[in-house]
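# Overview (structure and organization)
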Amino acid sequence: MQILQALEEYIEASKSLPTLPHILLKLIETYNQDANNIKELAKIIEKDPSLCAKIIGLTNTVPFSSPYAIDKIEHGISILGTNTIKNLIYCASVEESFRQTKNPHTVNLKRFWRHSMKCAFMARLISIKIDYDNPGNAFLAGLFHDIGKLVLLASFPEKHKNQIVSHKDQNNLIQTEEVCLPAAHCNAGALLLNTWGLPTYLSDPALYHHETIDKIHYALPLVKIIYMANALCREPTPDDETFSTASDLFGISISELEKLLSSSAKEVKKASDYLEIDVEPQKKTENSTSKTTSKIQENLARHIRDTSLIGGTLQDLFLAGNQDTIIETIKQNLQTLFNLKKILIFLYNPVDLTLRAKKSKENEHSSFIDDLVIPLNMKDSLLIASLIHKTSLNSFEKPNGSTLVILDEQISRFLNTEGFVCIPMISDGEWMGVIAAGLDGKDYFHLSKNIKPLNNFAEHAAKSIHTDNLKTNRFHAVNSEKMKEVSDMVRNVTHEVNTPLGIIKNYINILGMKLSEKDVVQDEIRIIKEEIDRISMLLHKLYSFSTDKTEKNEPVNINEQLRDLVKILRESLVKNSKVKIKLDLDKQLPFISTKKDSLKQVFLNLIKNAIEAMPDGGGLKIQTRYIPNPVEGKTKNNPKESKGSLEITVCDEGLGIPPEIEPKVFEPLISTKEENHSGIGLSIVHGIVKALHGTIVCMNNQDKGATFKINLPAPNNFLT
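Rules used in this analysis
- Residue numbers here run from 1 along each chain, matching the order of that chain's written sequence.
- Under the rules for a predicted model, residues below a pLDDT of 70 receive no local features and side-chain atom pairs below 80 are neither given nor counted, while totals for whole chains, interfaces and linings still include all residues.
- Only heavy atoms go into the side-chain values, all of them from the structure, while hydrogens and water stay out.
- A run of DSSP states H or I qualifies as a helix once it reaches four residues; a run of E qualifies as a strand once it reaches two. Both are numbered from the N-terminal end.
- Burial status follows relative accessibility: with a 1.4 Å probe on protein chains alone, a residue under 20% of its type maximum counts as buried, one over 50% as exposed, and anything between as partly exposed.
- Whether two residues are in contact is decided by their heavy atoms: any pair within 4.5 Å suffices.
- Calculation of accessible area relied on Shrake-Rupley with a 1.4 Å probe; when residues are assessed, cover is drawn exclusively from the protein chains displayed.
- Expected helix span is taken as 1.5 Å per residue step, with the number of steps being one fewer than the number of residues.
- The working definition used for a salt bridge is a side-chain nitrogen of Lys or Arg within 4 Å of a carboxyl oxygen of Asp or Glu.
- Exposure above 30% relative accessible area and the lack of any salt bridge qualify a residue for a patch; like charges then connect within 9 Å, and the nonpolar side chains Val, Leu, Ile, Met, Phe, Trp and Tyr within 5 Å.
- The positive count covers Lys and Arg only, the negative count covers Asp and Glu only, and His and the chain ends enter neither.
- The atoms used to mark charge sites are NZ of Lys, CZ of Arg, CG of Asp and CD of Glu.
- Contacts described as polar in this section are N or O atom pairs within 3.5 Å, which, within protein, must combine one atom able to donate a hydrogen with one able to accept it, while residues neighboring in sequence count only if both atoms come from side chains.
- Throughout, an axis means a line fitted to C-alpha atoms (over the contacting stretch in the case of helices), and angles, computed between N-to-C directions, take values from 0 to 180 degrees.
- Here the word oblique covers every angle except those under 35 degrees (roughly parallel), over 145 (roughly antiparallel) and from 65 to 115 (roughly perpendicular).
- Throughout, a crossing is termed right-handed when the near helix is turned clockwise from the far one, and left-handed when it is turned anticlockwise from it by less than a right angle.
- Comment: arc refers to directions from the helix axis out to C-beta atoms.
- Being paired, for any two strands, means DSSP has found at least two bridges between them.
- Within this scheme, the nonpolar core is defined by two criteria: the residues are buried Ala, Val, Leu, Ile, Met, Phe, Trp, Tyr or Cys, and they are joined through side-chain atoms within 4.5 Å.
- Residue-level confidence of the predictor, termed pLDDT, takes values from 0 up to 100.

## Comments concerning the overall build of the protein chain
What the protein chain contains, in helices and strands, is 28 helices and 13 strands. In the protein chain, which comprises 720 residues, the proportion classed as buried is 46%. Looking at the protein chain alone, contacts between residues at least 24 apart form 69% of all its contacts between residues at least 6 apart. Total accessible area on the protein chain is roughly 38,300 Å²; 52% of this is exposed by carbon and sulfur atoms.

If you want it as structure tokens, here you go:
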């Protein structure tokens, strides 16, 4: 029981088993060429014990799949899907890259692989010869029979790097494993296969393949097949006794067994050539890694590195806030990942069918960029050709006799390089643009080896641009639709409101005539009449969208305007609330020449919003002050010649502005209020202040509430 528990803990730690880098690299290349080529992927995977066993185990965990019915890897891949297979391949590749760095074991792995493959082929041939009903299972069982050695190698590399595969006396090897470890590789392999969900008829051959022949006589056929296949495939060539035992067990002549063994060796050679595994016979020295294997390891490590780096940049691309930020992020990552320093980004414009160069920080002042608008009919340009044909093109590999068009020569000269490469940016079949990267000849030679990762990066860059375009178009569509609704509503409201406004104004005129001219109420009547006139004018402007008339500038006393507004609002909005309005007006505040009603609309919106933000009451402070320019900015003869600015602050003790809305509070259709508010008030305020050449900012207060601060330029010569 203690041995079984120790072995289970040991298996639990062996989640990942070694795989030859040759196989992983071949899988990655095949997947990149055609991710849906299940047959080709299966052809490679079925030659690796650990990947093969893992896929069958995963298949048995998929809901509605047929447990224990997978005898073909192709079937397993179809059930799991190629995305799962991709993840499995890349995880194994990353683990193998780290494993090779920490503890190189490639030579032993190649010999292990050679023996496992030979045993698998031999088991299949024997099963066919004796009419066993499932040769596919025989092949898999042969492939898995020594997988316990990988468990030991992965968990105890130092103890087993010279024993687990190279040990000639297999019986002695079992004894050594049982002494040094919780169990022999037979037990470890069987337990691992069961842990991964494989049926017992595939794990039993791994468990019993080192039993005595006397016991094997009383086993099921598949155990017998793997037992003899393993014995016949040992190196060097098996002795006569082994051939004789196999002949008696299966009723196959020794000469037929020799032919089957020869056929198995040929199949292994064919597989090793396909996977570029330089398998050497055991009698030759295998104490160093071959140059071919080293190259394979380097290629695998480089591929994983490039893939990891590209993956790490995707988040930056999709978190970029707008198109300009995306372009800058693309350029920065091209410089970091691929060492490309001279870059031009062209975006496709579907409206006028052109490629337009985008300015960036390093070329924002270049007039050449402004002229880089390339029509789609310039098909001889590398830029247009790469987009149309959806493939990378370069100026270094032009067909014999052909020359660059003048446009391409100009781009190369602008980039100040010997040539350039064009990488199209395409997302879901739609053209997004082209990356033009300037290079010298020697740099292109190195880049050409990394063209697949570069194309992969360009594809992700295109997706980020595409996503931003969809977001922008959607915003404009929603904005346009809502503004149309607002327009229709304004027309109806204008028509309905004008009539009662006229009646109200007439009654106020009658009321004013009944009162004495010196009556204190006359001032309130004047303010009310002005406000009615202003409402009528605003309705008229909304109705005509201000296309026919423009408001004229006039001297405005901001302090007086604010006093009038507060007087009205105290009676209408503040009277029954707990809001306390405090005015702190700078007596030296100058008059300002501006549009009187526009400025009043700004103040009315801000004060009304502040009051509505305090449903439970609170303080509202309205402050004005004149901010003169520094003394050194004035002239000695006329100290008022250098103008200052007027600051108007509206500070409330309300709920404040939600953090997610604060950066875009002045955008149209953004509101912090209930659904019956259109969210265009602050957008109008921002537009009016901007038209007055002023600025407006908002911020949440430290304790509670929010503050809106307007800054307007004061005239050079003003009255106070």
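Still to come is the rest of the account.
## Quick word on helix α15 (residues 221–232)
Look at α15: 16 Å from first C-alpha to last across 12 residues, which is about the 16 Å you get at 1.5 Å a residue. Among the 12 residues in α15, 10 count as buried, and that is most of the element. Buried residues of α15: Leu-222, Val-223, Ile-225, Ile-226, Tyr-227, Met-228, Ala-229, Asn-230, Ala-231 and Leu-232, and no others.

## Overview of the pattern of salt bridges
Using the criterion set out here, one finds 12 salt bridges in the structure. Between Glu-46 and Lys-47 there is a salt bridge, and its shortest N-O distance comes to 4.0 Å. By relative accessible area, which is 29% here, Glu-46 ends up partly exposed. Glu-256 is the salt-bridge partner of Lys-129, the closest N and O atoms lying 3.2 Å from each other. Here Glu-256 lies in helix α17 (residues 254–275) and Lys-129 lies in helix α7 (residues 106–129), a separation of 127 residues in the sequence. One network of salt bridges, in which partners are shared, links Lys-129, Glu-256 and Lys-259.

## A look at a negative patch on the surface
On the surface, Asp-239, Asp-240, Glu-241 and Glu-258 cluster together into a patch of negative charge. Within the secondary structure layout, Asp-239 lies in the loop between α15 and α16 (240–250). Overall, Asp-239 belongs to the partly exposed group, its relative accessible area being 43%.

## What about unusual backbone geometry?
Among all residues save glycine, negative phi is the norm, and among peptide bonds the norm is trans. Here the phi dihedral of Asp-131 falls at roughly 65°; this positive angle occurs in a residue that is not glycine. With respect to the helices and strands, the residue Asp-131 is situated in the loop between α7 and α8 (135–144). Of note, the phi angle at Leu-353 is positive, near 55°, even though the residue is not glycine. Locating Leu-353 in the fold gives a position in the loop between β1 (342–349) and β2 (354–358).

## Details of the side chain of Ser-427
As for its position among the elements, Ser-427 is in strand β5 (residues 419–427). The buried category is assigned to Ser-427, whose relative accessible area is 2%. Only 3.0 Å separates the side chain of Ser-427 from the side chain of His-466, close enough to count as a polar contact. Other than its neighbours up to four places away in sequence, Ser-427 contacts Met-432, Ala-462, Lys-463 and His-466.

## A few points about the packing of helix α4 (residues 49–59) against α8
Contact geometry for α4 and α8: axes closest at 9 Å, N-to-C directions at 125°. Here α4 is positioned oblique relative to α8, judged by the angle of their axes. Regarding α4 and α8, the two cross each other, and that crossing is left-handed. Contacts from Pro-49, Cys-52, Ala-53 and Ile-56 of α4 reach α8 at Leu-140, Leu-143 and Phe-144.

## What about helix α13 (residues 200–208)?
All of the buried residues along α13 are Leu-202, Ser-203, Pro-205 and Ala-206. Down the axis, α13 shows its buried residues gathered within 150° of arc, on one side only. Contacts made by the buried residues of α13 are with α8, α12 (185–195) and α15.

## Concerning the sheet that holds strand β13 (residues 706–713)
Pairing is mixed across the open sheet formed by five strands, whose spatial order is β8-β10-β11-β13-β12. A single partner strand is all that each edge strand has here, and the edge strands are β8 (579–584) and β12 (695–700). With strand direction ignored, the average angle separating the axes of adjacent strands in the sheet is 15°. Bridge count between β12 and β13: six bridges; the pairing is antiparallel. Bridge pairing links Met-699 to Thr-707 in β13.

## Considerations on the sheet that holds strand β4 (residues 393–394)
Taken in spatial order, the six strands of this open sheet run β3-β2-β1-β6-β5-β4, and their pairing is antiparallel. Whereas interior strands pair on both sides, the edge strands pair on one side only; in this sheet they are β3 (373–375) and β4. By the bridge criterion, two bridges tie β4 to β5 in an arrangement that is antiparallel. Each residue of the ladder has a partner; that of Leu-393, found in β5, is Cys-422. Here helix α22 (residues 406–415) sits on the sheet in contact with β1, β3, β5 and β6 (430–439), set at roughly 140° to β1.

## Observations regarding the nonpolar core
By size, the foremost hydrophobic cluster in this structure holds 72 residues, and its most contacted members are Ile-23, Trp-113, Met-122 and Phe-144. With residues up to four places along the chain from it excluded, the contact list for Ile-23 reads Ile-44, Lys-47, Asp-48, Leu-51, Trp-113, Leu-275 and Ile-277. Formed by 40 residues, the second largest nonpolar core is a distinct cluster that contains Val-566, Val-602, Val-665 and Leu-712.

## A closer look at the environment of Ile-648
Position of Ile-648 relative to the elements: it lies in strand β11 (residues 645–652). Classification of Ile-648 as buried rests on a relative accessible area of 1%. Each C-alpha atom, one on Ile-648 and one on Ile-710, is 5.1 Å from the other, the two residues being 62 residues apart in sequence. When near neighbours in sequence (up to four residues on either side) are disregarded, Ile-648 contacts Ile-558, Leu-562, Phe-603, Gln-623, Thr-624, Phe-708, Lys-709, Ile-710 and Leu-712.

## So, the confidence of the model for the protein chain
Per-residue pLDDT for the protein chain has a mean of 76; in total, 70% of the residues score no lower than 70. Note that pLDDT drops below 50 for residues 63–70; the model gives that stretch 16 contacts with residues more than four away or on any other chain. For the stretch residues 632–642, pLDDT sits under 50, and the model shows 11 contacts to residues farther than four places along the chain or on other chains.

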